[in-house]
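# Results of the structural survey
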Amino acid sequence: MLAAAQPRRTRLVRALAAVGTSAAVLALPLIGATSASAATSTTTTAATTTAGYPNNLDGWIRESLAIMAEKHIPGTYNGIYRNIIRESSGNPNAINLWDSNAAKGIPSKGLLQVIDPTFNAYHVAGTSFNIYDPVANITAACNYAAARYGSIDNVFGAY
């Protein structure tokens, strides 16, 4: 029985080797083309904020921390990150349409789920007035948390 199965296995191995070789040959030009186009200046510009930070959660937190340091608003990267992940999972466009604030017509919005009146009251000069702007949302929320709890680092639940 083992002798009868041998030719079939050999053909299968040869077929896979041939397919694998073809795929590798076809993939090589694609890999080269992809890496060459990734070095354009447009990609670099789009990947950063106007302040030069990466245009992602890490960059938004770091930019906000720089503004907070200038304005003497306490908070750490870890405290901000922990609260963002709990509140919005890092989605700057998150909106809560089901809690008590939403029932009153003022849903929580953005990375740190701030309501419009709180955002307006604790808005930090030099940031956007758009509640969905990640840096403005983080900075206003941290300003509020500092006034109410001493720091965003002291917030471990809905605030």
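For the structure given in this document, a descriptive report is provided here.

About the thresholds
Numbers given for residues are sequential positions, taken from 1 along each chain in its written order. Local features are withheld for residues below a pLDDT of 70 in this predicted model, meaning they are given only at 70 or higher, and side-chain atom pairs are given and counted only at 80 or more; totals for whole chains, interfaces and linings count all residues. Think of the side-chain values as coming from all heavy atoms in the structure, minus any hydrogens and water. Helix numbering and strand numbering both begin at the N terminus, where a helix is a DSSP run of H or I of at least 4 residues and a strand a DSSP run of E of at least 2. Each residue is placed in one exposure class: buried if its accessible area under a 1.4 Å probe, protein chains only, is under 20% of its type's maximum, exposed if it is over 50%, and partly exposed if it falls in between. Contacts are assigned to residue pairs that have any heavy atoms within 4.5 Å of one another. Reported accessibility uses the Shrake-Rupley method at a 1.4 Å probe radius. Residues are deemed covered only where the shown protein chains occlude them. Only Phe, Tyr and Trp rings take part, Trp by its six-membered ring, and two of them pair if their centres are within 6.5 Å. Stacked means planes under 30 degrees apart, edge-to-face means over 60, and tilted covers everything else. Any helix carries an expected span of 1.5 Å times its number of residues minus one. Pairs of N or O atoms within 3.5 Å make up the polar contacts considered here, provided that, within protein, one atom can donate a hydrogen while the other can accept it, and that residues adjacent in sequence are counted only when both atoms are side-chain atoms. Only buried residues count toward a nonpolar core, which is a set of Ala, Val, Leu, Ile, Met, Phe, Trp, Tyr and Cys residues joined through side-chain atoms within 4.5 Å. The working definition used for a salt bridge is a side-chain nitrogen of Lys or Arg within 4 Å of a carboxyl oxygen of Asp or Glu.

## Regarding the overall build of the protein
When you go through the protein residue by residue, the secondary structure sums to seven helices and two strands. Beginning at the N terminus, the succession of helices and strands in the protein can be written as α-α-α-α-β-α-β-α-α. When the 159 residues of the protein are sorted by exposure, 31% land in the buried category. Here the analysis covers contacts within the protein between residues at least 6 apart in sequence; of these, 45% occur between residues at least 24 apart. By element, 61% of the accessible surface of the protein is carried by carbon and sulfur atoms, the whole surface being about 9,700 Å².

## Re the packing of aromatic side chains
If you walk through the whole model with that rule in mind, you get four aromatic pairs. By way of ring pairs, the aromatic residues Tyr-122, Tyr-144, Tyr-149 and Tyr-159 are connected into one cluster.

## Side note on helix α3 (residues 57–71)
For α3, spanning 15 residues, the distance from its first C-alpha to its last is 21 Å, which sits close to the expected 21 Å at 1.5 Å a residue. When we look at burial in α3, the residues that qualify are Leu-57, Gly-59, Trp-60, Ile-61, Glu-63, Ser-64, Ile-67 and Met-68. Contact partners of the buried residues in α3: α4 (77–88) and α7 (134–149). Looking at where α3 begins, the residue whose side-chain oxygen comes 3.2 Å from the main-chain nitrogen of Asp-58 is Asn-56.

## Here we look at the nonpolar core
Counting residues in each nonpolar core, the largest one holds 23 residues, and the members touching the most others are Ile-80, Ile-84, Ile-138 and Cys-142. Where this core is concerned, the elements lending two or more residues are α3, α4 and α7. Ranked by the residues each element gives to this core, the list is headed by α7, at seven residues. Those residues in contact with Ile-84 that lie beyond four places of it in its chain are Leu-57, Ile-61, Ser-89, Gly-90, Leu-111, Leu-112 and Ile-138.

## Re the pattern of salt bridges
In this structure the tally under the stated criterion is three salt bridges. Two residues, Glu-87 and Arg-86, come together in a salt bridge whose shortest N-O distance is 3.1 Å. The class of Glu-87 is partly exposed, set by a relative accessible area of 22%. Measuring nitrogen to oxygen at the nearest pair gives 3.0 Å for the salt bridge that ties Lys-109 to Asp-116. For Lys-109, a relative accessible area of 14% gives the class buried.

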